Amino acid sequence: MARRFALFAGLALLSLPAMPVQAQVDFSGAWAPLFHEDLPERIPGPELGDYMGIPVNDAARLRGDSYDADRISIVTEYQCRPHGGDYSMRGLSNMRIDAVLDPTTQQLVAWHTRMGFQEMERTVWLDGRPHPGPLAPHTWQGFSTATWDGNMLNVYTTHLKESYLRRNGLPRSDKATFTEHWVRHGNYLTVITVITDPVFLTAPLERSQSWVSDPGQRMGRDVCEYNQELPKPRPDYVPNHLPGTNPFLKEVSEWYALPSAVMRGGEETMYPEYRQKIGAPEKPKAACDRYCNCGAQDNPTCLVAPRSR
Amino acid sequence: MPQQPDFDKIQMQVQRVQGRVYMMTGAGGNSAVQVGGDGVLIVDTEFAPLAPKLMAEIRKLNQGPVLFIVNTHFHADHVGGNAALARLAEPDLKGAPLKIIGHENVLNRLAKSQPALPVEGMPVDEYFTPFKDLRMNGEAVIIYHEPNAHTDGDSVILFRGSDVVATGDIFTPGGYPFLDIDHGGSVQGEIAALDHILDLTVPGHTQEGGTYVIPGHGRVCDEADVVEFRDMVVIVRDRIQDMIKRKMTIEQIKAARPTSDYDTEYVTADSFVKPDQFVEAVYRSLTKR
């Protein structure tokens, strides 16, 4: 009797329609960014000449030193430029993630992200398709494919346009690729990004950013139109500082009373052990007077001057 | 001029660009190929031994007559296949003429070059005006002369309906531009030409796509890629110009490495233009030596 029941149950199970493979985790929905990580860099923006914590090489340093922020207004083609795919989740922008289902099988074939800033959109393919060849165009968001590792999504992106590691002129080349690990824990989403750039980095750069589910969020349009608003001194003008002439590079070490060598970045500046090697600043300070309570409840955007001490 | 590879081992790569235009890459410069009901227009023809492979790929797309070959400049990796392609195209012309177009400076240079290009490959449908236009496959094709850029005979070709620009070696992402100073190239003309390409290109949503750009060598690009390249040339020019003002010699300028932050991006072991060559070309442009 028991054997007949077991046989019957087994046959019944086999006759059920095959269940489509669903996502291990559902990332879809509206997400609001959290800025408890790297707030000063991501909100008010990085200081000129601050390369600390980035494993840059000398080529990247000189590019950063040469950067003149006027470029993004004078060179009209930069005015509406969006972030690269590796930076887009770090910026000041809400996000929506949609599941893309095959209409016939209803299987998940991709995740589609849309950022509010500059309407950046990216498709993360899960259907095993290959990346494009070496002659294909590169895009800001790149071409992304992904696989599941338990409940974590591992995403690999190639075919990126040249962009930046930091918004102070530190470049990221079009030969870079990046890997992400998407982890959802309850109503929170954390994305860990690992950038490999053979042109400007001596080691992979790892950063993370987190989000909280925000079901009431409504993302509108963000349509940018570029315009020549400032006259160029000559038609072939591209704002840049000649090597050794950028007057702003020392500011950051003076503001934060750190040795100037620290701000030049490099692989060792990524690690906490580096603190033990930092020498005395060239210009010490008695007390903090810039971004002292940055991110605190009374200064969430870092724009409030500190109280006098 | 790059060293010629083993052509038997070369496989043509074909990349659809947009509209009626494709990019084909073998061992020489990129070819832009426009196809449609009228037939075929080819921009640049690579090396002569690759002509059969180039034609084979074209025939997979279109069986019509090859009515136009346009040369962006006179270098052998862009004009070498002219005569061979003309011979391969001849049976399908059925009385229609195949016109080989180039700026008159391309014809002048080729007429003096050694070894000589076969007569049937010479761009005798030359032009000397700022631009020349024609209609092919339902769209305007406008050929602009870019004076004294990569050479003194450069043309940039706009496929207006397909929204594609073919630039020849004025734009070579992934490698420094070869400023052929001995044949009329100059950094000032190169920058002006890149600025003109930026005038012709209009990006799509989020500043990408829109007008696509087929470079002389390298992948399909768009306006944003041209901007980065233009900025590099301007910044290097600015640095060398400043060093000349400070009375530095060419050897001192080379030692100062004014391209050091771009070398990791634009130079590989296979690069045709090494940093010192680029620096020297810019220096010669600015000092007219």
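What you see is a predicted model; the values in this text were computed from it and never measured.

*Asks:* Would you mind going over helix α3 (residues 58–66) of chain A with me for this structure?
*Replies:* Because an α-helix completes one turn every 3.6 residues, residues spaced three or four positions apart along the sequence face the same direction. Most of α3 of chain A sits inside the fold, with seven of its nine residues counted as buried. Taken residue by residue, α3 of chain A has Ala60, Arg61, Leu62, Arg63, Gly64, Asp65 and Ser66 of chain A as its buried positions. Where α3 of chain A is buried, its residues contact β8 (171–172) of chain A together with α6 (223–245) and α8 (260–266) of chain B.

*Asks:* How do you make sense of the pairing of strand β5 (residues 143–149) of chain A when you look at a structure like this?
*Replies:* Residue and element names in this part refer to chain A. Sheet topology note: the strand β4 (residues 121–125)/β5 ladder contains two bridges and is parallel. Directly across from tryptophan 125, in β5, lies its bridge partner threonine 145. Alignment of β5 against strand β6 (residues 152–158), held across seven bridges, turns out to be antiparallel. When the bridges of β6 are listed, aspartate 149 appears paired with methionine 152. Connecting the antiparallel pair β5 and β6 is a turn made up of two residues, with glycine 150 showing a positive phi of about 65°.

*Asks:* Mind showing me how you'd approach helix α5 (residues 187–200) of chain B here?
*Replies:* Under the 1.5 Å per step criterion, the end-to-end length of α5 of chain B is 20 Å for 14 residues, consistent within 8% with the ideal 20 Å. Of the residues making up α5 of chain B, those classed as buried are Val187, Gly189, Glu190, Ile191, Ala193, Leu194 and Ile197 of chain B.

*Asks:* Help me out: how do you make sense of the interface of chain B and chain A in this one?
*Replies:* Each partner contributes to the interface: chain B provides 31 residues, whereas chain A provides 30 residues. Elements supplying a minimum of two residues to the side of chain B that touches chain A: β1 (13–18), β2 (21–25), α5, β13 (221–222), α6 and α8 of chain B. Grouping the constituent residues of the side of chain B that touches chain A by class yields 10 nonpolar, seven polar and 14 charged.

*Asks:* Sorry, what's going on with unusual backbone geometry here?
*Replies:* Excluding glycine, residues mostly have negative phi values, and the peptide bonds linking residues are mostly trans. In this model, glutamine 114 of chain B is joined to proline 115 of chain B through a cis peptide bond whose omega is -5°. Relative to the elements of secondary structure, proline 115 of chain B occurs in the loop between α4 (104–112) and β7 (125–127). The backbone phi angle of alanine 257 of chain A is positive, close to 50°, even though this residue is not glycine. Note that alanine 257 of chain A resides in the segment after α6 (251–255). C-beta crowding within 10 Å serves as the criterion here: with 17 such atoms nearby, alanine 257 of chain A is assigned to the partly exposed category. Even without being a glycine, aspartate 44 of chain B presents a positive backbone phi close to 65°. Of note, aspartate 44 of chain B is situated in the loop between β4 (39–43) and α1 (51–61).

Cut-offs used in this document
Residues numbered from 1 in each chain as written. Chains lettered and ligands numbered in written order. Predicted model: local features only at pLDDT ≥ 70, side-chain atom pairs only at ≥ 80, totals over all residues. Buried ≥ 20, exposed ≤ 12 C-beta atoms within 10 Å, placed from the backbone. Helix = DSSP H or I, 4+ residues; strand = E, 2+ residues; numbered from the N terminus. Contact = placed C-beta atoms within 7 Å. Pairing = 2+ DSSP bridges. Expected span 1.5 Å × (residues − 1). Nonpolar A, V, L, I, M, F, W, Y, C, P; charged D, E, K, R; others polar.

In short, the description is geometric, and any link to function would need to be established separately.
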